[in-house]
Amino acid sequence: MSDAYADAESALEPTLQNVLDQASLKWIFVGGKGGVGKTTCSCSLATQLAGVRDSVLIISTDPAHNLSDAFRQKFSKTPTLVGGFANLYAMEVDPTPDLSELEGLEGGGGFLADISTSIPGIDEAMSFAEVMKQVQSMDYSCIVFDTAPTGHTLRLLQFPSTLEKGLNKLMSLKESFGGMVSQVSRMLGPSMPGGEDMVDQLMGKVDQLKSVVEEVNAQFRNDELTTFVCVCIPEFLSLYETERLIQELAKFEIDSRNIVINQVIFPEEAGTSRLLQARIRMQQKYLDQFYDLYEDFHIVRLPLLEEEVRGPDAIRAFSQNLVHPYKPALPPPAAAGSNSLLEELQRRVQEQAARIAELEAQLAAAQG
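This report concerns the structure included in the present document. Since the model is a prediction, treat every value here as computed from it, not as a measurement. (Residues numbered from 1 in each chain as written. Predicted model: local features only at pLDDT ≥ 70, side-chain atom pairs only at ≥ 80, totals over all residues. Heavy atoms only, no water.)

1. Some thoughts on the sheet that holds strand E6 (residues 226-232)
No. 1: Taken in spatial order, the eight strands line up as E3-E4-E2-E5-E1-E6-E7-E8 in an open sheet, and their pairing is mixed. The open sheet has two free edges, formed respectively by strand E3 (80-81) and strand E8 (298-303), since each of these has just one partner strand.
No. 2: Its contacts with the sheet place helix H10 (residues 236-251) against strand E1 (27-32), E6 and strand E7 (258-264), and it is angled at close to 165° to E6.
No. 3: The strands that helix H11 (residues 274-293) touches are E6, E7 and E8; relative to E7, the one it contacts most, it runs at about 175°. (Pairing = 2+ DSSP bridges. Helix = DSSP H or I, 4+ residues; strand = E, 2+ residues; numbered from the N terminus. Contact = heavy atoms within 4.5 Å. Axes fitted to C-alpha atoms, helices over the stretch in contact; angles between N-to-C directions.)

Below, the structure written as structure tokens:
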């Protein structure tokens, strides 16, 4: 382990134990660049949380849902108990907004759906608000979000302001055309229940969703209730994405103090492979940069494994690396009188000597 690792680990514990110990946390986001292992890390964290909380819900907001693949169990938009657990539930959110309620309204529901989708981003915002409304009505002590790649996650965090802009635009539409639309709707169909016209009904629905998202947004900005765990790998693009994500989280005033660096190759496990040795040198360069940039973060290193982490048992075993720093297994001691590295070097020397002798013979033949 380099001095940078030793200094960092002596300053802050290189685990996610701080997340488990903070009993006040309600919302935990796990995110980062695509392909770095966010789902494995979020499932592992949820597994650890299930051991210290009464009930835990893990939600996938990634359009390419992976929770079902990770746990080897089919999930839907309804919370389902994960096999092998008594208090861990999972659900996969459909990113496509459900406008069936609007389309089912009397006297022009299709018109309302068209209005709602004409405002950029408001369809996803309304879908997210509906999810939040559903989640808030559930009694879970902690909710883990397995988010989409960085760009989608940042859009998700912008949804409250998107809804606010959309509502303001709808209000201006009502002021401009509300009277005319109400007259047309009365001519084309019966009045809305309770005497409300369709514009008022849409306004009430969007306003309700906005209030839900504003409440959730306030909780997101509270570091006693919310934290964001960044997942990355020791490569340049992932380092860049992580830096961008952390800066954006700071703008949104969302707490972030944990970084999980996945797919790390430990020198003790590289053996004599030149490829692995080269990858270790490359990774170490970026690991050093992570420790330099984020000295006030808990940095957790997870190993690159020989096979995928799938199924409750594999996830449960892998999750131990989040709370206990991974210790690579030492290579077995060499048998008496043998040294694998020395033998490998001797073999290479013999091959080169034979090659030199062959070239010398070719050279002598050419000169003769």
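2. Looking at the pairing of strand E2 (residues 56-60)
A regular strand places its side chains on the two faces of the sheet in alternate fashion.
No. 1: Taking burial as the measure, the five residues of E2 include five buried ones, the bulk of the element.
No. 2: Of the two faces of E2, both are covered, the one formed by Val56, Ile58 and Ser60 as well as the one formed by Leu57 and Ile59.
No. 3: Pairing geometry for E2 and strand E5 (residues 142-146), over five bridges, is parallel. For Ile58, the partnering residue across the bridge sits in E5 and is Val144. (Buried < 20%, exposed > 50% of the residue type's maximum accessible area, 1.4 Å probe, protein only.)

3. A short note on the nonpolar core
No. 1: If you look at the biggest cluster of nonpolar residues, it comprises 38 residues, and the most contacted ones within it are Trp27, Ile59, Met132, Ile143, Ile259 and Ile261.
No. 2: Not counting chain neighbours up to four residues away, the residues in contact with Ile259 comprise Cys230, Cys232, Thr242, Ile246, Tyr294, Phe297, His298, Ile299 and Val300.
No. 3: Grouped together as the second largest cluster of nonpolar side chains are 36 residues, Phe71, Phe75, Ala90 and Val260 included. (Core = buried A, V, L, I, M, F, W, Y, C linked by side-chain atoms within 4.5 Å.)

4. Overview of the environment of Glu351
No. 1: Its location among the elements puts Glu351 in helix H14 (residues 340-367).
No. 2: Among the residues examined, Glu351 registers a relative accessible area of 42% and is labelled partly exposed.
No. 3: Within polar-contact distance, the side chain of Glu351 engages the side chain of Arg347 at 2.4 Å. (Polar contact = N/O pair within 3.5 Å; in protein donor to acceptor, adjacent residues only side chain to side chain.)

5. Comments concerning the packing of H10 against H11
No. 1: For the pair H10 and H11, interaxial distance at closest approach is 10 Å and the crossing angle is 15°. On the basis of their axis angle, the class for H10 and H11 is roughly parallel. In the packing of H10 onto H11, the handedness of the crossing is right-handed. In this structure, H10 contributes Phe236, Leu239 and Thr242 to the contact, and H11 contributes Tyr286, Gln289, Phe290 and Leu293.
No. 2: Its residues assigned to classes, the contact of H10 with H11 shows five nonpolar, two polar and no charged. (Parallel < 35°, antiparallel > 145°, perpendicular 65-115°, else oblique. Left-handed = near helix turned anticlockwise from the far one by under 90°. Nonpolar A, V, L, I, M, F, W, Y, C, P; charged D, E, K, R; others polar.)

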